[in-house]
Amino acid sequence: MPGGGNLVAFDLDRDGGGPLYRQLYAGLRQMILDGRLASGSRLPANRVLAQDMSLSRNTVATALQQLLAEGYVETRRGDGTYVASELPDAGPERRRPERPGHDPAQHYGLSRRGRTLAAIPRPSMHQAAAFAPGPDINAFPFDIWSRLLTRFWRRPGRDLAVSSDPGGYPPLKAAIAAYLGAMRGVRCEPGQIIVVSGAQQAISLASQVLLDHGDQAMVEEPGYGGIRGALTAAGLRIALTPVDDEGLDIAAGEARAPLARMVCVAPSHQYPLGVVMSLRRRLALIEWARRRQAWILEDDYDSEYRYAGRPLAALQGLDPTGRVIYVGSFSKVLFPSLRLGYLVVPPDLVDPFIAARRVLDEHTAMLAQPVLANFIDDGHFAAHVRRMRRLYAARQQALLDVAVKHLDGLLEVRADEAGMHLIAWAGAGLNGVMDDGRVARAAADAGIAAAALSTSYVGKPQRRGLMLGYAAHDETAIADAGQRLAAVMAASVTS
Ligand SMILES: Cc1ncc(COP(=O)(O)O)c(C=O)c1O
C-alpha cells in the first residue's frame, strides 16, 4: 500500500513552540510510547506525513532520522518506516493507557442496564470441532457469492451507494416476500418486510417500537439466549414460559405473567428442544394475543431445514388479527457472519417501524443486500437449500448411527425431521440421569463440542442432555467424535 500506514494526528505550535522537526519528533515519540502507534505498525510515507501536517518533506525526514537513531522506528528496505518491535527503555514517560481492573463495571461507572448486559454469560465453544452448532460454511457457494458481489459493486449506482429505503433494498424485500409466501405460507407484501442484521436486531427493534421499559415479555424455557439478551437490552422483564411436547404452553405462561405484552416463540422448530407447536397451541396463542392485545414474535430461524414430512405453515399465516410479527434470519440457512435477517410487520406497523429504524441506524448495511436478492432470484438460494437438506439429512443419520453403535445405554438420541442438531438424553445405563454440564466439560477437554442443554435454561433445568450439532461436520468427523464421546462418558460413569 504505497503511502499507507497509520493516521497521525496532533497539533503543532507554529508560533513559539520551537523547531517544527523537534515538535514532530516529540509528538511521534509520545504516540509510540503511549501505544497509540503500536509496535510493528507502519508509519505513513514521509510525503503523506508532510502533506497531512503541512510540513516540508525535509522537516519530516529530520524528525524521522532522530527517531531512527534513538531506536523508536526502523526501516524495512523498500517498504517504509515501522514502529520498532523492541522499544528503547524510556522510563516513566512510557505510559500505557489505563486498563480496567477486574471489574469494568466499577471502573467505567456503567449504568445498571450496562452492568446487566455485561454480566450475561456468553457461551464459548470450539467452533470447528464436532458437535458445534451451525451450518457447513464449506458447502456454501462462495464462488457464486463473490461473482455477484463484484458484479454489483464494481460500479454501483446511486440506488446502492446512496440508498434511502430504511426497510431494505427493494428487490431484496420483493425476493423475501415471494419466498415467504410460497414456502412458509406467510401473507405479506414486500413493503411489510424490514431487513435487519439478524433475529436479535429484529427482536430488539420490535421490543422498542411495541413495548415500554419494564413491560413483561414471555420467552420459552428452555430457549435461545440471543433472544433473552435482546429483550433484556430493550429494558423488558422476562417471563419464563414452559415448553412441553406441544410447544410453548401459553396457558401456563399467562398464569405466571398475566400482564405480559409479548411472547417470543419458535413454533416451527423450538430451540433447543426441536418441538413443533401443535395446531391447538397455535390457535390458543393467537387467541391469547387477540384477547390481551399482545404481540407474538414468531422466530422462524431454521425452517428451511426440514428432511421429512410437510412443514407446518408459519403462525403468521394463521393469524387473522395482525398480532404476529414474523422474524426470519439468514444466519443458519446461509452463513452466520452474513448478519442479515428480516421482520414481517403488519401493514399498520410499517410506518412506525420505519420511523424508528431511521433514528436507530438508518438501515442495514447495503453491501450484501443486492447480492442476496440476486442469489435468491437466480435460484441459487433454492439450490443451496436443496443441497444442504440432502447433506444434513445424511449427517443426522451418521449421528444416529454412531449413537446406536457406540453410545447405546449411555445416550439416547432420537431422529428429528428438521433442524441442525439433535439432543442426546441420558440413556438407560445412566438410569436416565446425567450431569450434562460435567459431561460437556469432560467432552470439551477431549476436543468435543457438546453443549449442555441445562445452559439453555435460566431457571432450574427441568431436563438435561447434550446438544449435538451435526450440520457442519462430515460423516467421518461425526463418527469419530461420537466414539470419543462414548469413551469420555464411559470414563465419567466409572469415575
Ligand atoms: C432460536 C434462534 N433464533 C434465531 C437465531 C438467529 O439469530 P441471528 O439472526 O441474530 O443470528 C438463532 C441462531 O442461532 C437461533 O438459535
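Per chain, the residues get numbers from 1 upward, laid out in the order the sequence is written. Only residues with pLDDT of at least 70 are given local features in this predicted model, and only at 80 or more are side-chain atom pairs given and counted; all residues enter the totals for whole chains, interfaces and linings. Excluding hydrogens and water, the side-chain values take into account all heavy atoms of the structure.

Enquirer: Got a sec to walk through the site of the ligand? Specific residues and values, please.
Expert: Throughout, the term near means that a residue has one or more heavy atoms lying within 4 Å of the molecule or strand in question. Close to the ligand lie Gly198, Ala199, Gln200, Tyr224, Tyr271, Asp299, Tyr301, Ser329, Ser331, Lys332 and Arg339, which account for all nearby residues. The definition of a polar contact used here is a pair of N or O atoms within 3.5 Å, where within protein one atom must be able to donate a hydrogen and the other to accept one, and adjacent residues in sequence count solely through side-chain atom pairs. Backbone polar atom of alanine 199 to an oxygen atom of the ligand: 2.7 Å apart, as the coordinates give it. A distance of 2.6 Å is found between a nitrogen atom of the ligand and a side-chain nitrogen or oxygen belonging to aspartate 299. Of the residues in the shell around the ligand, the class split is four nonpolar, four polar and three charged. Gly counts as polar in this scheme, as do all residues outside two lists: the nonpolar Ala, Val, Leu, Ile, Met, Phe, Trp, Tyr, Cys and Pro, and the charged Asp, Glu, Lys and Arg.

Enquirer: Go over the packing of aromatic side chains with me, naming the residues and quoting the values.
Expert: Pairing of aromatic rings covers Phe, Tyr and the six-membered ring of Trp, with a centre-to-centre limit of 6.5 Å; geometry is then stacked below 30 degrees between planes, edge-to-face above 60, and tilted otherwise. Across all of its chains, the model carries 14 aromatic pairs by this definition. Ring centres 5.7 Å apart and planes at 80° place the aromatic pair tyrosine 224 and tyrosine 271 in the edge-to-face group. Taken as a pair, tyrosine 224 in the loop between β4 (216-221) and α10 (225-233) and tyrosine 271 in the loop between β7 (262-265) and α12 (279-292) lie far apart in primary sequence, 47 residues in all. An aromatic cluster of at least three residues, connected via ring pairs, comprises Phe140, Phe142, Trp145, Phe335 and Phe375. Secondary structure counts use DSSP, requiring at least four H or I residues in a row for a helix and at least two E residues in a row for a strand, with both numbered from the N terminus.

Enquirer: Describe the pattern of salt bridges, with residues and values.
Expert: Here, a salt bridge means any Lys or Arg side-chain nitrogen found within 4 Å of an Asp or Glu carboxyl oxygen. A full pass over the atoms with the stated rule returns 18 salt bridges. Overlapping salt bridges bring together Asp244, Asp249 and Arg281 as one network.

Enquirer: Break down empty space enclosed by the protein for me, citing the residues and quoting the values.
Expert: The pocket and cavity definitions rest on a 1 Å grid over protein atoms only: a 1.4 Å probe that fits but cannot leave marks a cavity, an open set with protein on both sides within 12 Å along at least five of seven lines marks a pocket, and residues lining either have an atom within 4 Å of a point. Grid points are joined across faces, edges and corners, and a volume is the space filled by probe spheres set on the points. Summed over the entire model, instances satisfying the criterion amount to one cavity of 30 Å³ or more. Taken as a whole, the largest cavity encloses approximately 60 Å³ of empty space. Counted by class, the lining of the largest cavity contains four nonpolar, four polar and two charged residues.

Enquirer: I'd like to hear about the sheet that holds strand β10 (residues 341-344), residue by residue, with values.
Expert: Pairing is mixed across the open sheet formed by eight strands, whose spatial order is β3-β10-β9-β8-β7-β4-β5-β6. On the outer flanks of this sheet lie β3 (193-196) and β6 (247-248), each paired with one strand and no other. Both β3 and β10 contribute to a ladder of four bridges, which runs antiparallel. Within β10, the residue paired with valine 196 across the bridge is glycine 341. The contact rule is simple, with two residues in contact once any of their heavy atoms fall within 4.5 Å. Between N-to-C directions, angles cover 0 to 180 degrees, with each direction set by a line fitted to C-alpha atoms, over the stretch in contact for helices. Contacting β4, β5 (237-244), β7 and β8 (295-299), α10 crosses the sheet at an angle of about 170° to β4. Here, any two strands with at least 2 DSSP bridges between them count as paired.

Enquirer: Mind laying out the sheet that holds strand β11 (residues 411-413), listing which residues take part and the relevant values?
Expert: Spatial ordering of the open sheet is given by β11-β12-β14-β13, a layout of four strands whose pairing is antiparallel. In this open sheet, the two edge strands, each paired with only one partner strand, are β11 and β13 (451-452). Note: β13 against strand β14 (residues 465-469), two bridges, orientation antiparallel. The partner of alanine 452 across the bridge, within β14, is leucine 466. Taken strand by strand, helix α15 (residues 380-406) contacts β11, β12 (421-426) and β14, and its axis lies near 15° from that of β12.

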